[in-house]
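What the coordinates show
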Amino acid sequence: MDIVDLARFQFAMTTVFHFFFVPFSIGTAFVVAILETFYVRTKNEAYKKLAKFWGNIFLLSFAVGVVTGLIQEFQFGMNWSDYSRFMGDIFGAPLALEALLSFFIESTFIGLWMFTWDRVKKGTHLFFMWMVCFGTLTSALWILAANSFMQHPVGYAIKGGRAEMVDFFALLKNPQLWFEYGHVILAALTMGGVVLAGLTAFQMLKKDTTKEAKGLYKKSMRLGLWMAMIFSVGTILVGDFQMKYLVTEQPMKFAATEAIYETTGDPAPWTAVGIADTKNHTVKYKVDIPVLLSLLSYNKPSGSVKGMDEINAEMKEKYGTTIDGTKMDYIPPVNTLFWNFRVMAGFGAWIILVSFVGLLMTRKKKETLYKRRWMLWALALTTFVPFIANTAGWFITEFGRYPWTVYGLFTIQQSVSPNVSVTSLLISNIVYFTLFTTLAIVMIGLVKRQLQNDPTQMQGHGYADKILDPFDKGRFK
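Residues numbered from 1 in each chain as written. Predicted model: local features only at pLDDT ≥ 70, side-chain atom pairs only at ≥ 80, totals over all residues. Heavy atoms only, no water.

Looking at the nonpolar core
In terms of nonpolar packing, the biggest core is built from 89 residues, with Trp54, Phe58 and Met221 touching the most fellow members. Top contributing element to this core by residue count: helix H1 (residues 3-42), with 15 residues. Once you skip the residues sitting within four places of it in the chain, Phe58 turns out to touch Ser25, Thr28, Ala29, Val32, Ile110, Met129 and Val132. Met243, Trp270, Val283 and Phe341 belong to the second largest nonpolar core, which has 34 residues in total. (Core = buried A, V, L, I, M, F, W, Y, C linked by side-chain atoms within 4.5 Å. Buried < 20%, exposed > 50% of the residue type's maximum accessible area, 1.4 Å probe, protein only. Helix = DSSP H or I, 4+ residues; strand = E, 2+ residues; numbered from the N terminus. Contact = heavy atoms within 4.5 Å.)

What follows is the structure, encoded as structure tokens:
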């Protein structure tokens, strides 16, 4: 492996691991806010206990997400310094807002929420949690504003070999941002519902679960299933709009996700499965469904889709056959995009199916779900599905931009730090992989430990119970 491959691997590793926890935190924060809202509105103590119980899961995900985010930022400066120089002026504003505004809101109100149970009015305490949600949502907005510029550059001028911002609001009006943001946030809220229902299913499978605890878990199950159902449908709808946008704005990415080398006929068939022969630019063992790709692309049973070979020739004419001495081929890794798109869409459909069946089987008059261990196992194992689907979606977003880091402006080869060595990258990759593996083991262990607690006994302040309050006079006795 050369320097570019190792740097790309490190970026992928740190980004994927960090992105496990971004939607996890956004989704679970929303879950806790909803549960506490039910408590404030109904005065039902069950929802208060559930908010505390699942709130501890959220705190764990947030803590690990912060650590992995710091590592990701560090590797940017270490491996991608030329990219940082080129993009620094564009990235500066949204990343500063993310750190100084959104992260400040998140961390401040998380602290207030943790330590003020039963010490402030219920409505005030609920406000703290909704502010945490607001912080997570705006944090994602600023990060995706920067990423959307990389997909579709707007509001900039090239000066001195660098991209300089000339219109900050153009970043916020970037159509790429709102398709990407809507898809990511709805997927995160879907994850919140799936994780809630899935972990609840694990709890319901335990033989020593008390009757009172089962009553609480049933409330969690219904909320999780409703969230999974509603937001997964929303995720697929926004994803459909996003893919239609890519037909014209990033036709190479779209063609790669459908493994189209030659421009299709009219109407265009959709390839359900197949294996791309990247050397001969053909697709083997494919199964086509007539007309469907035209319907998916244009909402009508007509229209052809431009193929990668034609788009590649156009891009070579526009950007050149070489850039900084590197021979260019603008076709991304086709099999990666083709199969990740199907994994993402397939798991999205699975979530809809499982949540719909789960809702039918948890109706008050017919709660058959809790008597069917096979269904509980299906829900429990679905806990891991959003992590896979979100990762697949992120692969599509990032690999589909190949060979660019900033679409049409800056390539991957131009972005790598000039002074890093293969040895330093190998060492840092080993260190990061070891660190991430350790964090994953610790995270799983802490979540498992939290799930061993009885939610009916959540009377205190969650993790805040374990921290001494220096202003508590009892501490000085």
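Quick look at the packing of H1 against helix H4 (residues 122-151)
Taken N-terminus to C-terminus, the directions of H1 and H4 make an angle of 160°; their axes are 9 Å apart at the nearest point. One way to sum up the angle between H1 and H4 is to call them roughly antiparallel. Both H1 and H4 take part in a crossing whose hand is left-handed. On the side of H1, the interface is formed by Ile26, Ala29, Phe30, Val32, Ala33, Ile34, Glu36, Thr37, Tyr39 and Val40, while H4 contributes Lys122, His125, Leu126, Met129, Trp130, Cys133, Thr136, Leu137 and Ala140. Residues that form the contact of H1 with H4 fall into these classes: 14 nonpolar, three polar and two charged. (Axes fitted to C-alpha atoms, helices over the stretch in contact; angles between N-to-C directions. Parallel < 35°, antiparallel > 145°, perpendicular 65-115°, else oblique. Left-handed = near helix turned anticlockwise from the far one by under 90°. Nonpolar A, V, L, I, M, F, W, Y, C, P; charged D, E, K, R; others polar.)

Side note on the environment of Phe104
Within the secondary structure layout, Phe104 lies in helix H3 (residues 81-115). By relative accessible area, Phe104 is classed as exposed at 52%. Along the primary structure Phe104 and Leu172 are separated by 68 residues, whereas in three dimensions their C-alpha atoms are 21 Å apart.

Brief notes about H3
Each turn of an α-helix holds 3.6 residues, which means side chains three or four residues apart point in the same direction. Here H3 spans only 41 Å end to end across 35 residues, well under the 51 Å set by a 1.5 Å rise per residue. Considering bend angle alone, the principal kink of H3 is centred on Gly88 and spans about 70°. (Expected span 1.5 Å × (residues − 1). Bend = angle between axes of the 7 residues up to and from the residue.)

Overview of the pairing of strand S4 (residues 282-289)
Where strand S3 (residues 270-277) meets S4, six bridges bridge the pair, whose relative direction is antiparallel. Along S4, the bridge assignment pairs Ile275 with Lys284. (Pairing = 2+ DSSP bridges.)

Considering the confidence of the model for the protein chain
For the protein chain, the mean per-residue pLDDT works out to 89, and 96% of the residues sit at or above 70. Considering only residues more than four positions removed or in separate chains, one finds that residues 460-471, a stretch of pLDDT under 50, has 19 contacts. (pLDDT = per-residue confidence, 0-100.)

Focus: the pattern of salt bridges
A complete count under the given rule lists 10 salt bridges for this structure. Taking the shortest distance from any N to any O, the salt bridge between Arg85 and Asp82 comes out at 2.5 Å. Of the two residues, Arg85 and Asp82 both sit in helix H3, three residues apart, roughly one turn of that helix. (Salt bridge = Lys/Arg side-chain N within 4 Å of Asp/Glu carboxyl O.)

Considerations on helix H12 (residues 373-382)
Taken as a whole, H12 has its buried residues at Met375, Leu376, Ala378, Leu379, Ala380 and Thr382. Where the residues of H12 are buried, they touch helix H6 (175-204), helix H7 (211-249), helix H11 (334-360) and helix H13 (385-399).

Quick word on the environment of Leu360
Note on placement: Leu360 falls in helix H11. Distance in space between the C-alpha atoms of Leu360 and Gly303 is 40 Å, their sequence separation being 57 residues.

Points about the side chain of Thr235
Relative to the helices and strands, Thr235 resides in helix H7. A distance of 3.2 Å separates a polar side-chain atom of Thr235 from the backbone oxygen of Leu186. (Polar contact = N/O pair within 3.5 Å; in protein donor to acceptor, adjacent residues only side chain to side chain.)

A closer look at unusual backbone geometry
Each neighbour pair has its own omega, and for Asp266 with Pro267 the value is 5°, a cis peptide bond. By the element assignment, Pro267 lies in the loop between helix H8 (251-257) and S3. Each neighbour pair has its own omega, and for Tyr402 with Pro403 the value is 5°, a cis peptide bond. Note on placement: Pro403 falls in the loop between H13 and strand S7 (404-406). Positive phi, normally seen in glycine, also occurs at Asp118, with a value near 65°. Examined against the element boundaries, Asp118 turns out to sit in the loop between H3 and H4.

What about a positive patch on the surface?
A cluster of like positive charges, contributed by Arg363, Lys366, Lys371 and Arg372, occupies part of the molecular surface. Position of Lys371 relative to the elements: it lies in the loop between H11 and H12. (Patch = residues over 30% accessible without salt bridge, like charges linked within 9 Å, V, L, I, M, F, W, Y side chains within 5 Å. Areas by Shrake-Rupley, 256 points an atom, 1.4 Å probe, with all protein chains shown as cover. Lys, Arg positive; Asp, Glu negative; His and termini not counted. Charge placed at Lys NZ, Arg CZ, Asp CG, Glu CD.)

Section: the pairing of S3
Most of S3 is tucked away, with six of its eight residues classed as buried. The antiparallel pairing of S3 with S4 creates a hairpin that spans four residues between the two strands, and His281 there sits at a positive phi of about 55°.

As for the packing of aromatic side chains
According to the stated counting rule, one finds 34 aromatic pairs in the structure shown. The structure contains a cluster of three or more aromatic residues connected by ring pairs, namely Phe17, Phe20, Phe21, Phe24, Phe387, Tyr432 and Phe436. Cation over ring: Arg342 sits above Phe338, and NZ or CZ is 3.6 Å from the ring centre. (Phe/Tyr/Trp six-rings, centres within 6.5 Å; stacked < 30°, edge-to-face > 60°. Lys NZ or Arg CZ within 6 Å of the ring centre and 35° of its normal.)

A few points about a nonpolar patch on the surface
There is a patch of nonpolar side chains on the surface, built from Val273, Ile275, Tyr285, Val287 and Trp339 and spanning about 500 Å² of accessible area. Put simply, the parts of the chain that give the nonpolar patch at least two residues each are S3 and S4. Within the secondary structure layout, Val273 lies in strand S3.

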